[in-house]
Amino acid sequence: GAGPAGGGPGAGKGGARMGRLAGWAAVGLTAAGALVYPLCGTAAWLRGRADEIERQKDAPARAALSPGADAEALFRALHPGDAAAASFIARAAVPGVAILEEAGEPYTWSSRISTFSGVPAILGWGNHEAIWRQDWSEVLRRGEDIAAIYRAEGPAEACGLVQQYGVRFIVVGERERERYGHGAARFAAAARPAFENRGTRVYDARDACGPAVAGREVGP
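Keep in mind it's a predicted model, so treat the numbers as computed, not measured. (Residues numbered from 1 in each chain as written. Predicted model: local features only at pLDDT ≥ 70, side-chain atom pairs only at ≥ 80, totals over all residues. Heavy atoms only, no water.)

Chemist: Explanation requested: the state of the cysteines in the structure shown.
Modeler: Here a disulfide denotes a covalent bond joining the sulfur atom of one cysteine to the sulfur atom of another. Enumeration over the complete set of coordinates arrives at one disulfide. What pairs with Cys-159 in a disulfide is Cys-209, and their sulfur atoms sit 2.0 Å apart. Negative torsions about the S-S bond denote left-handed disulfides, and the value of about -75° found for Cys-159 with Cys-209 makes this one left-handed. One end of the pair, Cys-159, is in helix α8 (residues 155–164); the other, Cys-209, is in helix α10 (residues 205–209), with 50 residues separating them in the sequence. Among the residues examined, Cys-209 registers a relative accessible area of 12% and is labelled buried. (Disulfide = S-S within 2.5 Å. Helix = DSSP H or I, 4+ residues; strand = E, 2+ residues; numbered from the N terminus. Buried < 20%, exposed > 50% of the residue type's maximum accessible area, 1.4 Å probe, protein only.)

Spelled out as structure tokens, the structure:
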């Protein structure tokens, strides 16, 4: 006679197996999709870095640009004068003083002296400071004060702000000259540089303004 209607025990096992296979297939497709950006993005970054390495004529710069995470080695290779100035300030600074340097765009070498010396500046990357504090007013004010000091004609215009922020060292390198003009910190230039290397100068603010005052507004 005829067998029982419907599927036997094997039918249930087959359905479960198909379900598991479908689940693993979905996981595989999701994982493959998630890997597209990391793989393609990394490849694009490596191609861009390789192009930048090819453009470098200096062997240390090419080595520093090789994939890795030694930003300080890259800084020394690309901007040796600035790197030497940062090293000088790191050795010479005492607690409670600040430095004056160019404050510009994020994800650039702006604020490079403070970054590699560990000595606070009047202002770091403005957009980061504004996000952390949820307010642009202080960032804009400090940016204007930095520009005012660099563009001041003499001590009478600059020293009040220098002392307000407790500035001890004034940096004048290529970034400062590009942003604030080739006469940047002309008021301090009357004094002998405390340090100079490859076009980057560091002035001791005490020579131009008297003893530095580590005021309450030392850089954020």
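Here the narrative resumes, following the displayed structure.
Chemist: I would appreciate a short explanation of the confidence of the model for the protein chain in the present structure.
Modeler: Caution applies to low-pLDDT parts of the model: their predicted coordinates are not meant to be read in detail. Mean pLDDT over the protein chain: 86, with 89% of residues reaching 70 or higher. Here residues 213–220 is a poorly scored stretch, pLDDT under 50, and it has 31 contacts once near neighbours within four places are set aside; other chains count. (pLDDT = per-residue confidence, 0-100. Contact = heavy atoms within 4.5 Å.)

Chemist: Got a minute to help me understand unusual backbone geometry in this structure?
Modeler: With glycine set apart, most residues show a phi of negative sign, and most peptide bonds adopt trans. The phi torsion at Ser-111 lies on the positive side, around 65°, for a residue other than glycine. Locating Ser-111 in the fold gives a position in the loop between β1 (98–100) and α5 (112–117). Backbone geometry places Arg-198, a non-glycine residue, at a positive phi of 50°. Examined against the element boundaries, Arg-198 turns out to sit in the loop between β3 (195–197) and β4 (200–204). Taking the relative accessible area as the measure of exposure, Arg-198 reaches 70% and is therefore exposed.

Chemist: Is there a simple way to think about the side chain of Glu-102 in this case?
Modeler: With respect to the helices, strands and loops of the structure, Glu-102 is situated in the loop between β1 and α5. When its relative accessible area of 1% is taken as the criterion, Glu-102 is described as buried. Polar side-chain contacts of Glu-102 include one of 3.2 Å to the side chain of Ser-110. Ignoring sequence-local partners within four residues, the contact set of Glu-102 consists of Ser-110, Ser-111, Arg-112, Tyr-150, Arg-175, Glu-176, Arg-179 and Tyr-180. (Polar contact = N/O pair within 3.5 Å; in protein donor to acceptor, adjacent residues only side chain to side chain.)

Chemist: Sorry if this is basic, but what is going on with the sheet that holds strand β2 (residues 167–172) here?
Modeler: Backbone hydrogen bonds are what pair the strands of a sheet, in a parallel or an antiparallel way. An order of β1-β2-β4-β3 is seen for the four strands of this open sheet, with the pairing classed as mixed. Strand pairing shows two members of the sheet lacking a second neighbour, β1 and β3, which therefore form its edges. Across the sheet, the axes of successive neighbouring strands diverge by a mean angle of 15°, strand direction being ignored. Here β2 runs beside β4; their pairing, made up of four bridges, is antiparallel. If you follow Val-171 over to β4, its bridge partner there is Val-202. (Pairing = 2+ DSSP bridges. Axes fitted to C-alpha atoms, helices over the stretch in contact; angles between N-to-C directions.)

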